[in-house]
Amino acid sequence: MPGGGDEQPTPEEAFDVLAHELRFDILRELNAASGPVSFSDLQDGVDVRDSGQFNYHLSKVVGPFVQKSDDGYRLSTAGKRAVGTVFAGEFSGEPLRDVAPVPTEGSCHECNTGLEAVFGESSVRIHCPSCGAVYTEPEIPPGALSGWDREELPRVVNRWVRRWLTSVDLGLCEYCDGRTTSTVCRPGEAAAPSWFEADSGREVIVVYECQRCGHWTHSDVSFAALVRPPLVSFYHDHGINLRERPLWALDLVERSQTSVVQETPLRVELSITLDDETRTFVFDREMTLVDGPTPAEG
């Protein structure tokens, strides 16, 4: 693959380009720069004396990962993402599992035991240590949790989950930024995962699928709805900042508050009660808010 060409590399070619340590050193040096870097300054920064060797490896990253102009060299968007992925700990082997469980806000709706965050290989499980009920278990890059005090980690997990929900709700894949679709699924439907059965305790879930890379993920309707402005506003009016209050610490996660009120076309109702005020929000098959907020009857 010629450096600086207009042809886009295949995924295999892109990974092959970054296989050499010196090429990633070039990307890392450019990532730390505040602007374009000249050839000589870049060579000095990565500490390579042989100009021919340096030029060869630089030519391999120009195009897909590095942009060249009269002012010098700078990272392309793909280059920034490549560096960011490594810094996030995706390939560094930083083990989340070495972090001891951390108590978090919220109590189990089944047995009233305080919840805790348990760290696995690449995920964090918010669960009840007594009855084992799981409230969320997102896959999180280890780098997202580095630099924080241990007791702060559950709040960082909450912010990460909110960012992920916002991204897929806006139709952007968390991995490739491709277009995602949102589908509210009933058990047994074609778009629903095979494990989602009628006796799972949930009437519906939201499935997000990327139209580019094929990645799919899912969420409860109640969690998915919490990034929508009308719900954020309703909580704010009652003194609750959803940016700071962990999602699993809200009464909203009780599945009984989400119900199917119409099959064709599908309509799902979410009821929220705060300070004796109840509001209902109705969503369609594409998770579009079609009715709400309105005062609930009774």
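Summarised in this report is the structure supplied together with it.

Quick notes on the rules
Chains are numbered independently. Their residues run from 1 in the order of the written sequence. Residue-level local features of this predicted model are given only where pLDDT is at least 70; pairs of side-chain atoms are given and counted only at 80 or more, and the full residue set underlies all totals for whole chains, interfaces and linings. Based on all heavy atoms of the structure, the side-chain values leave hydrogens and waters out of the count. Angles here are taken between N-to-C directions and fall from 0 to 180 degrees, while the axes themselves are lines fitted to C-alpha atoms, restricted in helices to the stretch in contact. The way it works is that DSSP assigns letters per residue, a run of H or I at least four long becomes a helix, a run of E at least two long becomes a strand, and they are numbered from the N terminus. If an angle is under 35 degrees, it is roughly parallel; if it is over 145, roughly antiparallel; if it lies from 65 to 115, roughly perpendicular; otherwise it is oblique. By definition, residues are in contact when any of their heavy atoms lie within 4.5 Å. Side-chain classes are defined by residue name, with Ala, Val, Leu, Ile, Met, Phe, Trp, Tyr, Cys and Pro counting as nonpolar, Asp, Glu, Lys and Arg as charged, and the others, Gly among them, as polar. Each Phe, Tyr or Trp ring, with Trp reduced to its six-membered ring, pairs with another whose centre is within 6.5 Å; inter-plane angles below 30 degrees give stacked pairs, above 60 give edge-to-face pairs, and intermediate values give tilted ones. Buried, partly exposed and exposed residues are distinguished by accessible area as a fraction of the type maximum, computed with a 1.4 Å probe on protein chains only: under 20%, between the cut-offs, and over 50%, respectively.

### Considerations on the packing of helix 2 (residues 21–32) against helix 5 (residues 77–87)
- With their axes 10 Å apart at the nearest point, helix 2 and helix 5 run at an angle of 100 degrees to one another. Of the possible angle classes, the one that applies to helix 2 and helix 5 is roughly perpendicular. Contacts between helix 2 and helix 5 involve Phe24, Leu27, Arg28 and Asn31 from the former and Gly79, Ala82, Val83, Val86 and Phe87 from the latter.
- Classifying every residue of the contact of helix 2 with helix 5 by side-chain character gives six nonpolar, two polar and one charged.

### A word on the packing of aromatic side chains
- All told, the structure shown has five aromatic pairs when counted by the stated rule.
- Geometrically, the ring pair formed by Phe39 and Phe54 is edge-to-face, given 5.1 Å between the ring centres and 75 degrees between the ring planes. One end of the pair, Phe39, is in helix 3 (residues 39–46); the other, Phe54, is in helix 4 (residues 51–61), with 15 residues separating them in the sequence.
- Pairing Trp164 with Tyr208 gives two aromatic rings, centres 6.3 Å apart and planes at 80 degrees, and the pair type is edge-to-face. Here Trp164 is found in helix 6 (residues 153–169), whereas its partner Tyr208 is found in strand 8 (residues 205–210), with 44 residues between them in sequence.
- Here Trp164 falls in the buried class, since its relative accessible area comes to 13%.
- These aromatic residues form a ring-pair network of at least three members: Phe234, Tyr235 and Phe281.

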